[in-house]
Amino acid sequence: MGCRKINKEDFMKAETKWFGTIDIAEDKIITFDKGIIGFENCKKYTIIYDVEKDEDVSIMWLQSLDEPSLALPIMKPEIVKKDYDPVVEDEILNTLGENIKDAELLVVCALTVPSDLTKMTINLKAPIIINVDTLKGVQLIADNEDYLVKFPIYDILNEKDGE
């Protein structure tokens, strides 16, 4: 079993407003061919999270590599809605790569975090789906009628912290 040598060329430097200058490994750059809703011109992103928390991390950041000031707080929706299962068009999912049914997909949703944290919400209506194998991502609108754009989560997260 060998170790892969990591070259300096395998990393790119990215300027960010909130995290300063960061080194991004090439295999951590996610491409959104159509951008994300509201930011269609931003195509390259990476996910930033507290590596010390690793598996326990709840809030992560979808950091644009095209626009330093664009960093969206994101979260796995199962944290606040265990049965989250968005109904989406296969046609859109197929843009993430071949054999999409066998691919490892990461599903996250954007958060709105106002100054009054009790009003924090998650957008269950427009999940961000990333094919971990191809590093392609797409944000789409779920057909689920009961999924809200602003689903309140403050109380749910507080209960989890108390467990």
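K.L.:
Could you give an account of the side chain of Thr121, with specific residues and numbers?
P.N.:
By secondary structure assignment, the location of Thr121 is in strand β8 (residues 121-122). The residues touching Thr121, leaving out its near neighbours within four places in the chain, are Ala110, Leu111, Thr112, Lys150, Phe151, Pro152 and Ile153.

K.L.:
Summarise the pairing of strand β6 (residues 71-75); cite the residues concerned and give the values.
P.N.:
The buried count for β6 comes to 5 of 5 residues, which makes it a mostly enclosed element. Direction of pairing for strand β5 (residues 60-64) relative to β6: antiparallel, over a ladder of 4 bridges. Following the sheet pairing, Gln63 is matched in β6 by Ala71. The antiparallel pairing of β5 with β6 creates a hairpin that spans 6 residues between the two strands. Pairing geometry for β6 and strand β7 (residues 105-112), over 2 bridges, is antiparallel. Bridged to Ile74 within β7 is Ala110.

K.L.:
Residue-level account of a negative patch on the surface, with values.
P.N.:
On the surface, Glu89, Asp90, Glu91, Asp143, Glu145 and Asp146 cluster together into a negatively charged patch. Along the chain, Asp90 falls in helix α1 (residues 90-93).

K.L.:
Mind laying out the packing of aromatic side chains, listing which residues take part and the relevant values?
P.N.:
Aromatic ring pairs are defined here through the distance separating the ring centres and the angle between the ring planes. One pass over the full model with this rule turns up 3 aromatic pairs. For the pair Tyr84 and Tyr147, a centre-to-centre distance of 4.8 Å together with 20 degrees between the ring planes defines the contact as stacked. Remark: Tyr147 occurs in the loop between β10 (136-139) and β11 (151-152) and Tyr84 occurs in the loop between β6 and α1; sequence separation between them is 63 residues.

K.L.:
Explain the layout of surface pockets residue by residue, including any values.
P.N.:
There is about 270 Å³ of room inside the second largest pocket. In this structure, the second largest pocket is lined by 17 residues; those nearest its centre are Lys34, Ile92, Thr95, Val138 and Gln139. Among the elements of the structure, α1 and β10 are those that each provide at least two residues to the lining of the second largest pocket. Among the elements that take part in the lining of the second largest pocket, β10 stands out by supplying 4 residues, more than any other.

K.L.:
Can you tell me about the pattern of salt bridges, naming the residues and giving the values?
P.N.:
A full pass over the atoms with the stated rule returns 4 salt bridges. With a closest N to O distance of 3.0 Å, Asp33 and Lys136 form a salt bridge. Here Asp33 is found in the loop between β3 (30-31) and β4 (44-48), whereas its partner Lys136 is found in strand β10, with 103 residues between them in sequence.

K.L.:
Any chance you could break down a nonpolar patch on the surface for me, citing the residues and the numbers?
P.N.:
A surface patch of nonpolar side chains, amounting to about 380 Å² of accessible area, comprises Trp18, Phe19, Ile59 and Trp61. Counting through the fold element by element, Trp18 comes out in the loop between β1 (11-16) and β2 (20-25).

K.L.:
Could you give me a rundown of the nonpolar core, with the residues and numbers involved?
P.N.:
Formed by 21 residues in total, the largest nonpolar core has its most connected members in Met75, Ile122, Ile129 and Ile153. For this core, the leading source of residues is β7, giving 3 residues. Counting residues in each nonpolar core, the second largest holds 15 residues, with Tyr45, Leu72, Val108 and Ile128 among its members.

Reading the values: the criteria
- Residues numbered from 1 in each chain as written.
- Predicted model: local features only at pLDDT ≥ 70, side-chain atom pairs only at ≥ 80, totals over all residues.
- Heavy atoms only, no water.
- Helix = DSSP H or I, 4+ residues; strand = E, 2+ residues; numbered from the N terminus.
- Contact = heavy atoms within 4.5 Å.
- Buried < 20%, exposed > 50% of the residue type's maximum accessible area, 1.4 Å probe, protein only.
- Pairing = 2+ DSSP bridges.
- Patch = residues over 30% accessible without salt bridge, like charges linked within 9 Å, V, L, I, M, F, W, Y side chains within 5 Å.
- Areas by Shrake-Rupley, 256 points an atom, 1.4 Å probe, with all protein chains shown as cover.
- Salt bridge = Lys/Arg side-chain N within 4 Å of Asp/Glu carboxyl O.
- Lys, Arg positive; Asp, Glu negative; His and termini not counted.
- Charge placed at Lys NZ, Arg CZ, Asp CG, Glu CD.
- Phe/Tyr/Trp six-rings, centres within 6.5 Å; stacked < 30°, edge-to-face > 60°.
- 1 Å grid on protein atoms, 1.4 Å probe; cavity = no way out; pocket = protein on both sides within 12 Å on 5 of 7 lines; lining within 4 Å.
- Points joined across faces, edges and corners; volume = space filled by probe spheres on them.
- Core = buried A, V, L, I, M, F, W, Y, C linked by side-chain atoms within 4.5 Å.

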